[in-house]
Amino acid sequence: MGEHPSPGPAVAACAEAERIEELEPEAEERPPAAPEDFDPGNTGYISTGKFRSLLESHSSKLDPHKREVLLALADSQADGQIGYQDFVNLMSNKRSNSFRQAILQGNRRLCSKALLEEKGLNLSQRLIRHVAYETLPREIDRKWYYDSYTCCPPPWFMITVTLLEVAFFLYNGVSLGQFVLQVTHPRYLKNSLVYHPQLRAQAWRYLTYIFMHAGIEHLGLNVVLQLLVGVPLEMVHGATRIGLVYVAGVVAGSLAVSVADMTAPVVGSSGGVYALVSAHLANIVMNWSGMKCQFKLLRMAVALICMSMEFGRAVWLRFHPSAYPPCPHPSFVAHLGGVAVGITLGVVVLRNYEQRLQDQSLWWIFVAMYTVFVLFAVFWNIFAYTLLDLKLPPPP
């Protein structure tokens, strides 16, 4: 300090955040100390009075939405103190569970206009606002996302997966000379990406089958759902979390087929797509009053109809006379595996925007359930086919 002017709170907090390592819960005995001017006793807390004076003296340097969240944090403290780590987490975009709990009451006192009512936004700002209202149920989360989103990195995961699926489909269409119901072509199952029960020891097939689709009608709906649902979710929750839900749905889909429909092959990205869509729909239902997306009932009905039509097409195809007997057409059970992942792991991810998943007990419960299922399916694939003396179709 001395003769130099004090930096703004955001600058000071971000600098502090860079040198403070997040402690694990079991090792976190006390929060990090605040600057001496505001925490002379080095207790790790700032009084709400000093905190308010800090905000008022630097209000012109703070984003108005972030200032509202900070004031809500101050208003929610009955003991007159604010943990400095919460302040650092806020200013460095690292929110925690304790922070969310601290502002729940203060959030009710926010009196400024909603994000939806703001005028004069450019096209990109309106797009970000639209995504916030499509995916987040709390106004304070929507404002936080609107202020924090920088499109760096962009939603690369869903776009990359979609482009790869389209590229593989076009390549197969040209090589087979067939784009509609490609799966009926006698050479379709010879592709090394398809999951086939006789080749289940080739572990990559449990994942790579997403790049093979039954036909343009199958690919079309999956691509539309991936782009309309997956891209906005990735913009909000990030590629790591959305990619985790998607891949978990894909693997659960193929493993579910290997357990419940043991003689059938698997193709298509429906396991991953249904994981994302079912998680999103479940999140909307569970936060119905908070979700402010337009025509949500109608859009949910349309999404459910599209998913039902795609599932019905898969069921019909599974029992349709096969083009390569005795091997049946691809299974529909992967859809159900994706839904199971979506309403468990997926819902926990979507309900905890910017929160640490490892702090959520439900997260660990569902991770344990998923792990048990994967281990069961692995042992099933190793032993059950032999013990049941199942007659599998010949390899393609």
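Note that the structure is a prediction, hence the values are computed from the model and not measured. (Residues numbered from 1 in each chain as written. Predicted model: local features only at pLDDT ≥ 70, side-chain atom pairs only at ≥ 80, totals over all residues. Heavy atoms only, no water.)

Participant: With reference to specific residues and values, describe the overall build of the chain.
Facilitator: When helices and strands are counted, the chain shows 14 helices and two strands. Classification of the 396 residues of the chain by burial places 52% in the buried group. Looking at the chain alone, contacts between residues at least 24 apart form 73% of all its contacts between residues at least 6 apart. With the model as given, the accessible surface of the chain reaches about 19400 Å², and the carbon-plus-sulfur share is 65%. (Helix = DSSP H or I, 4+ residues; strand = E, 2+ residues; numbered from the N terminus. Buried < 20%, exposed > 50% of the residue type's maximum accessible area, 1.4 Å probe, protein only. Contact = heavy atoms within 4.5 Å. Areas by Shrake-Rupley, 256 points an atom, 1.4 Å probe, with all protein chains shown as cover.)

Participant: Describe unusual backbone geometry, listing the residues and the values that go with them.
Facilitator: In this structure, proline 153 follows cysteine 152 across a cis peptide bond, with omega equal to 5°. Along the polypeptide, proline 153 turns up in the loop between helix H7 (139–148) and helix H8 (156–176). Notably, cysteine 151 is not glycine yet its phi reads approximately 60°, a positive angle. With relative accessibility at 42%, the residue cysteine 151 sits in the partly exposed group. Even without glycine at this site, aspartate 389 takes up a positive phi of about 50°. Overall, the relative accessible area of 68% leaves aspartate 389 in the exposed class.

Participant: I'd like a rundown of the UniProt feature "active site" (unreviewed entry) in the chain, residues and numbers included.
Facilitator: With numbering matched to this structure, UniProt assigns "active site" (unreviewed entry) to Ser270 and His335. These annotated residues cover 66 residues of sequence, but their C-alpha atoms sit close together, with the largest distance between any two at 5.6 Å. As for the annotated residues named above, the ones lining the largest cavity are Ser270 and His335. Mapped onto the elements, serine 270 comes out in helix H11 (residues 270–286). Those residues in contact with serine 270 that lie beyond four places of it in its chain are His218, Asn222, Glu310 and His335. On the accessibility criterion, histidine 335 (4% relative accessible area) is buried. Beyond its immediate chain neighbours, meaning those up to four positions away, histidine 335 contacts Ser270, Tyr274, Glu310, Phe311 and Ala314. (UniProt positions renumbered as here; feature names shortened; annotations may be inferred. 1 Å grid on protein atoms, 1.4 Å probe; cavity = no way out; pocket = protein on both sides within 12 Å on 5 of 7 lines; lining within 4 Å.)

Participant: How would you sum up the packing of helix H10 (residues 216–260) against helix H13 (residues 333–350)? Please name residues and give values.
Facilitator: Look at H10 against H13: their axes get within 7 Å of each other, and the N-to-C directions meet at 145°. The handedness of the crossing between H10 and H13 is right-handed. On H13, the residues that touch Leu233, His237, Arg241, Ile242, Val245, Ala248, Gly249, Ala252, Gly253, Ala256, Val257 and Ala260 of H10 are Val333, Ala334, Gly337, Gly338, Val341, Leu345, Gly346, Val349 and Leu350. (Axes fitted to C-alpha atoms, helices over the stretch in contact; angles between N-to-C directions. Left-handed = near helix turned anticlockwise from the far one by under 90°.)

Participant: Explain the environment of leucine 189 to me, and be specific about the residues and the numbers.
Facilitator: Take leucine 189: it is sitting in the loop between H8 and helix H9 (205–208). The spacing of leucine 189 and proline 330 is 141 residues in sequence and 9.7 Å in space, taken between C-alpha atoms. Ignoring anything within four residues of it in the chain, the contact list for leucine 189 reads Val194, His196, Pro265, Tyr324, Cys327 and Pro396.

Participant: Which residues make up the confidence of the model for the chain, and what are the values?
Facilitator: Considering every residue of the chain, the mean pLDDT works out to 81; 76% of them sit at 70 or more. Per-residue pLDDT stays below 50 along residues 1–34; that stretch engages in 50 contacts with residues further than four places along the chain or on separate chains. With pLDDT under 50 throughout, residues 101–111 is counted as low confidence; its partners more than four residues away or in other chains account for 19 contacts. (pLDDT = per-residue confidence, 0-100.)

Participant: Describe empty space enclosed by the protein, naming the residues involved and giving the relevant values.
Facilitator: To find leftover empty space, a probe the size of one water molecule is rolled over the atoms. Summed over all chains, the structure comprises three cavities of 30 Å³ or more. Roughly 80 Å³ of internal volume is contained in the largest cavity. What lines the largest cavity is Ala214, His218, Val267, Gly268, Ser270, Arg313, Ala314, Leu317, Pro330, Ser331 and His335. The element contributing the most residues to the lining of the largest cavity is helix H12 (residues 296–319), with three residues. A breakdown of the residues in the lining of the largest cavity according to their chemical character gives five nonpolar, five polar and one charged. (Points joined across faces, edges and corners; volume = space filled by probe spheres on them. Nonpolar A, V, L, I, M, F, W, Y, C, P; charged D, E, K, R; others polar.)

Participant: Residues and numbers for the pattern of salt bridges, please.
Facilitator: Going through the model one piece at a time under the given rule, you end up with six salt bridges. Between arginine 142 and glutamate 139 there is a salt bridge whose closest N-O contact spans 3.0 Å. Pair noted here: arginine 142 and glutamate 139 are both in helix H7, with a separation of three residues, about one helical turn. A residue is classified by how much of its surface remains accessible, and glutamate 139, at 21% relative accessible area, is partly exposed. For arginine 356, the salt bridge goes to aspartate 359, with nearest N and O atoms at 2.9 Å. Given a relative accessible area of 16%, arginine 356 falls into the buried group. (Salt bridge = Lys/Arg side-chain N within 4 Å of Asp/Glu carboxyl O.)

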